[in-house]
Amino acid sequence: IKGKSKVIKFLLELDADITIKDYSGKTAYDWALEENHTDVLALLTNIKFGNVAMICRAGKGELDKIIPCLNGCGVFDTKSNLERLHNDTCEWRSVRCKYCKEKIVEKERLKHEKEECGMRLVTCIDCDGVYRLDEHVLHKKTECIRQCPLEQCGEYLRPSKLSHHINFVCKYRLCKCPNHCRNERFMVQNLSHHMKLECPKRLIRCVECGDNFQAAEHDEHRNNHCPERNIMCKYCGESIKSKGMRKHEDVDCPFSLIKCQNKRQGCTWKGSRKEMANHLASVCSHSFRVKCPNGCGRILRKVDFVTHTRKECSRREIWCSKCNDFVLANLEEMHKKYECPNKNK
């Protein structure tokens, strides 16, 4: 045909088969390529690479009305078919990105929306949240749910609440003992156990006396201060509660050392309580244990007995020098005035 494009168009309109080979094994496309017939190559290339259907839709004698796709995809068809069918499916048509609304080629739209668009939706690797790429900084500061960095916590929070959670809420945060018992830090969830059972400065109550004291002072309290503890009397060896030891030594213990009950009267004796009775009965000269034998009614100390009965008692007998008789001391004046027979001598 020698490069006559009109003949080629006519044969194509008659549904000529472009795949038939001649005696040398070449097709019409191979001859056009070898002879460099550009017009024929354009027609045959259009059909060879997938536009046969569009060419066939062109009616007989309408092949001259076939035009290339204005988008530059290389497809040829009638103008009406391009506008009615091809423009909606052409890979080179202009479309808008659904995120940034910029015009791009349909062929590159998916790649643009997935990898290049600055406003595309992305998934946060920290919280699995979805946000626009241009809002990345805002998302990380205000919206991203992050995991608490404290070991064993694992709770997810927004950045605005994370600091408060770490410092005041998280039960795995470290804190010091409120009693300042040592420099060691504890997890908050273990602090209650420490305060109740371990802290040496925690207050505990004595089961015996009910007093409160620090746990570190437990042994000291039990051994030296608890009023309900049992201690041994140093005199008799009996086990007595601490709060009753003073009374025991001052009142009850028969072997405790005491002073004579007449110490204010001058007795300097000291001895055990069990010996006090014997002392008062037989030894103590200051004991009030004898009634006056003259019948004045006074109870006398042994040390005062002689002085009282001989010089002080109102009912002692005294010698009247006139009548040579004994009279009572309280009746001496009456005797001298009225009774003595020798009163006038």
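Reading guide: rules and limits
The residue count restarts for each chain, going from 1 along the sequence in the order it is written. Two thresholds apply to this predicted model, a pLDDT of at least 70 for residue-level local features and 80 or more for giving and counting side-chain atom pairs, whereas whole-chain, interface and lining totals are computed over all residues. Excluding hydrogens and water, the side-chain figures rest on all heavy atoms present in the structure. Numbered from the N terminus, helices here are DSSP runs of H or I no shorter than four residues, and strands are runs of E no shorter than two. Any two residues whose heavy atoms approach within 4.5 Å at even a single point are treated as in contact. Working definition: with a 1.4 Å probe on protein chains only, accessible area under 20% of the residue-type maximum means buried, over 50% means exposed, and in between means partly exposed. Stacked, edge-to-face and tilted are the three classes for Phe, Tyr and Trp ring pairs, Trp counted by its six-membered ring, which pair at centre distances within 6.5 Å; planes under 30 degrees apart are stacked, over 60 edge-to-face, the rest tilted. In this scheme, Lys NZ or Arg CZ marks a charge over a ring once it lies within 6 Å of the ring centre and within 35 degrees of the ring normal. In protein, a polar contact means a hydrogen-donor-capable atom and an acceptor-capable atom, both N or O and within 3.5 Å, with residues adjacent in sequence counting only if both atoms are side-chain atoms; elsewhere, any N or O pair within 3.5 Å suffices. Here, two cysteine sulfur atoms that lie within 2.5 Å of each other are counted as a disulfide. How sure the predictor is of each residue is captured by pLDDT, a score from 0 to 100. Here, patches come from residues exposed beyond 30% relative accessible area and free of salt bridges, joined within 9 Å for like charges and within 5 Å for nonpolar side chains (Val, Leu, Ile, Met, Phe, Trp, Tyr). Every accessible area reported is derived by Shrake-Rupley at a probe size of 1.4 Å, with residue values counting cover from the shown protein chains alone. We define a salt bridge as a contact between a side-chain nitrogen of Lys or Arg and a carboxyl oxygen of Asp or Glu at a distance within 4 Å. In this tally Asp and Glu are treated as negative and Lys and Arg as positive; neither His nor the chain ends contributes. Charge positions are represented by NZ for Lys, CZ for Arg, CG for Asp and CD for Glu. In these notes, a set of buried Ala, Val, Leu, Ile, Met, Phe, Trp, Tyr and Cys residues joined through side-chain atoms within 4.5 Å is what counts as a nonpolar core. Pairing between strands is defined by DSSP: at least two bridges between them are needed.

A. Representation of the side chain of histidine 308 in the model. With respect to the helices and strands, histidine 308 occurs in helix H12 (residues 305-312). The contacts of histidine 308, once residues within four sequence positions are left out, are Cys292, Cys296, Arg298, Leu300 and Cys313.

B. Expanded view of the environment of serine 285. By secondary structure assignment, the location of serine 285 is in the loop between helix H11 (276-283) and strand S17 (288-291). Classification of serine 285 by relative accessible area gives partly exposed; the value is 27%. When the C-alpha atoms of serine 285 and asparagine 262 are compared, they prove to be 9.0 Å apart, with 23 residues separating the residues in sequence. Dropping the residues within four chain positions of it, serine 285 is found in contact with Arg301, Lys302 and Val303.

C. Region of the structure containing the packing of aromatic side chains. Under the definition given, this model contains one aromatic pair. Summarising the aromatic geometry, the rings of tryptophan 319 and phenylalanine 326 are spaced 4.9 Å apart at their centres and angled 70 degrees between planes, so their arrangement reads as edge-to-face. Judged by relative accessible area, tryptophan 319 falls into the partly exposed class, the value being 47%. Looking at lysine 26, its charged tip hangs above the ring of tryptophan 31, at a distance of 4.7 Å from the centre.

D. The arrangement of the side chain of glutamate 228 in detail. Tracing the chain through its elements places glutamate 228 in the loop between helix H9 (218-225) and strand S13 (230-232). Within the structure, glutamate 228 has its side chain in polar contact with the side chain of lysine 241 (distance 3.0 Å). Those residues in contact with glutamate 228 that lie beyond four places of it in its chain are Glu208, Cys209, Lys241 and Lys243.

E. Fine view of the state of the cysteines. The final tally for this structure, using the stated rule, is zero disulfides. No disulfide involves cysteine 175; its sulfur sits 8.5 Å from that of cysteine 177, the nearest cysteine. Among the cysteines around cysteine 292, which has no disulfide bond, cysteine 296 carries the closest sulfur, lying 3.4 Å off. Of the residues examined, cysteine 292 reaches a relative accessible area of 7% and is grouped as buried.

F. Just the confidence of the model for the protein chain, in detail. Scored by pLDDT, the protein chain comes out at a mean of 79, with 88% of its residues at no less than 70. Low pLDDT, under 50, characterises residues 50-64; the predicted model gives this stretch 29 contacts beyond four residues in sequence or across chains.

G. Representation of a positive patch on the surface in the model. There is a patch of like positive charges on the surface, built from Lys259, Lys263, Arg264 and Lys270. Along the chain, arginine 264 turns up in the loop between strand S15 (257-259) and strand S16 (270-272).

H. Main features of the nonpolar core. Ranked by size, the top nonpolar core spans eight residues in total: Ile8, Leu12, Tyr29, Ala32, Val40, Leu41, Leu43 and Leu44. Put simply, the parts of the chain that give this core at least two residues each are helix H1 (5-13), helix H2 (28-35) and helix H3 (38-57). For this core, the element with the highest residue contribution is H3, accounting for four residues. If you look at the next biggest cluster of nonpolar residues, it comprises six residues, including Ile258, Cys260, Cys267 and Cys284.

I. The pattern of salt bridges, seen in detail. Under the counting rule described, the total for this entry stands at 12 salt bridges. Among the ionic pairs, glutamate 106 bridges to arginine 93, the shortest N-O distance being 3.7 Å. With glutamate 106 in helix H5 (residues 106-116) and arginine 93 in the loop between helix H4 (79-84) and strand S3 (94-96), the pair connects residues that are 13 residues apart, well separated along the chain. With a relative accessible area of 19%, arginine 93 lands in the buried category. Among the ionic pairs, aspartate 250 bridges to arginine 246, the shortest N-O distance being 3.8 Å.

J. Here's a closer look at the pairing of strand S19 (residues 317-320). Looking at chain direction, S19 and strand S20 (residues 325-328) are connected through four bridges and run antiparallel. Across the sheet, residue cysteine 320 finds its bridge partner in S20, namely aspartate 325. Between S19 and S20, which pair antiparallel one after the other, the connecting turn spans four residues, and asparagine 324 there sits at a positive phi close to 50 degrees.

K. Focus on the environment of phenylalanine 213. Following the sequence through the fold, phenylalanine 213 ends up in strand S12 (residues 212-214). Spatially, the C-alpha atoms of phenylalanine 213 and leucine 203 are 5.3 Å apart, while their sequence positions differ by 10 residues. Residues within four places of phenylalanine 213 in sequence aside, it is in contact with Arg202, Leu203, Ile204, Cys206, His218 and His221.

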